[in-house]
Amino acid sequence: MFTGKYFVEKLNMKEHPEGGYYNECLKSKDIIDASAVDSSFDGNRKLWTSIYFLLKDRDVSRFHRLKSDEIWYFHSGVPMVIHIINKNGELERVKLGLDIERGEQPQVLIPKGCIFGAVMDGTGYSLAGCMVAPGFEFGDFELLEREELLREYPQHELIIKRLTK
């Protein structure tokens, strides 16, 4: 039986600033002129990048925002619930997992500019893959503050308090 500790060790994962653990595992060899995609990028990007991402008991992926689209793929463990505040301020809950009959999805798209974070839907661990296009750079990553989110989206107070510091 696999554990979160097993994957953290075997996949050489380290702590992620948003919470949980990650390993940058794959990067496109191709470069894209970022200005052709979005003027908010500072410099060119890899066409895409991919990481392993893992949550263990009591870990959360705190609310953050990216300048690129991100696709999450379920790999192992218990499902994750991804909470997305879209550009209209509406909250969407999507279950990342393999039990399609129970409403889970094996892959989930988070559109660029949306605010999102995740929690496990059970105990143990949850392992996902995350692909970002154009490729991820930490300069394109914004970890969001509780007070700012509560001012802007007071209707989502409970989940904001859970997924922020």
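Structural notes, computed from the coordinates. (Residues numbered from 1 in each chain as written. Predicted model: local features only at pLDDT ≥ 70, side-chain atom pairs only at ≥ 80, totals over all residues. Heavy atoms only, no water.)

1. Observations concerning the packing of aromatic side chains
Evaluation of the coordinates by the stated rule reveals 10 aromatic pairs. With a centroid separation of 5.0 Å and 40 degrees between ring planes, the pair formed by F2 and Y6 is classed as tilted. An angle of 80 degrees between the planes, with centres 5.2 Å apart, marks the rings of Y6 and F7 as edge-to-face. Its relative accessible area of 35% is what places Y6 among the partly exposed residues. By way of ring pairs, the aromatic residues F2, Y6, F7 and Y125 are connected into one cluster. (Phe/Tyr/Trp six-rings, centres within 6.5 Å; stacked < 30°, edge-to-face > 60°. Buried < 20%, exposed > 50% of the residue type's maximum accessible area, 1.4 Å probe, protein only.)

2. Concerning the sheet that holds strand β13 (residues 125-133)
Across the sheet, which stays open at both edges, the 6 strands sit in the order β1-β2-β5-β13-β7-β11 with antiparallel pairing between neighbours. Each end of this open sheet is capped by a strand with a single partner; those strands are β1 (14-15) and β11 (107-110). When strand β5 (residues 49-56) meets β13, the two strands line up antiparallel, connected through 8 bridges. Its bridge partner lying in β13, F53 is registered against A128. (Pairing = 2+ DSSP bridges. Helix = DSSP H or I, 4+ residues; strand = E, 2+ residues; numbered from the N terminus.)

3. Some remarks on the pairing of strand β12 (residues 115-120)
Within β12, 6 of the 6 residues are buried, which leaves the element mostly enclosed by the surrounding structure. Residues I115, G117 and V119 of β12 are buried on one face, and the alternating residues F116, A118 and M120, pointing to the opposite face, are buried as well. Judged from the 4 bridges that link them, strand β6 (residues 60-66) and β12 form a sheet pairing that is antiparallel. Residue pairing in the sheet places H64 in a bridge with F116 of β12. Judged from the 6 bridges that link them, strand β8 (residues 80-85) and β12 form a sheet pairing that is antiparallel.

4. Notes on the pairing of β5
Counting buried residues in β5 gives 6 out of 8 residues, a clear majority hidden from the surface. As paired elements, strand β2 (residues 21-27) and β5 share 6 bridges and run antiparallel to each other. When the bridges of β5 are listed, Y22 appears paired with F53.

5. Points about the nonpolar core
Ranked by internal contacts, the top residues of the largest apolar core, which has 24 residues, are F53, W72, M80, I82, L96 and I110. Of all the secondary-structure elements, those providing two or more residues to this core are β5, β7 (69-77), β8, β9 (91-96), β11, β12 and β13. Excluding residues that lie within four positions of it along the chain, I110 makes contacts with S68, D69, E70, W72, I82, I84 and F116. In this structure, V60, I115, V119 and I159 belong to the second largest nonpolar core, which totals 12 residues. (Core = buried A, V, L, I, M, F, W, Y, C linked by side-chain atoms within 4.5 Å. Contact = heavy atoms within 4.5 Å.)

6. Focus on unusual backbone geometry
Trans is the common state for peptide bonds, and a negative phi is the common state for residues other than glycine. Going from A133 to P134, the amide bond is cis rather than trans, its omega being -10 degrees. Its identity is not glycine, yet N12 carries a phi of approximately 50 degrees, on the positive side. As for its position among the elements, N12 is in the loop between α1 (4-10) and β1. The phi angle at R58 is positive, at roughly 70 degrees, despite the residue not being glycine. Structurally, the position occupied by R58 is in the loop between β5 and β6. Overall, R58 belongs to the exposed group, its relative accessible area being 81%.

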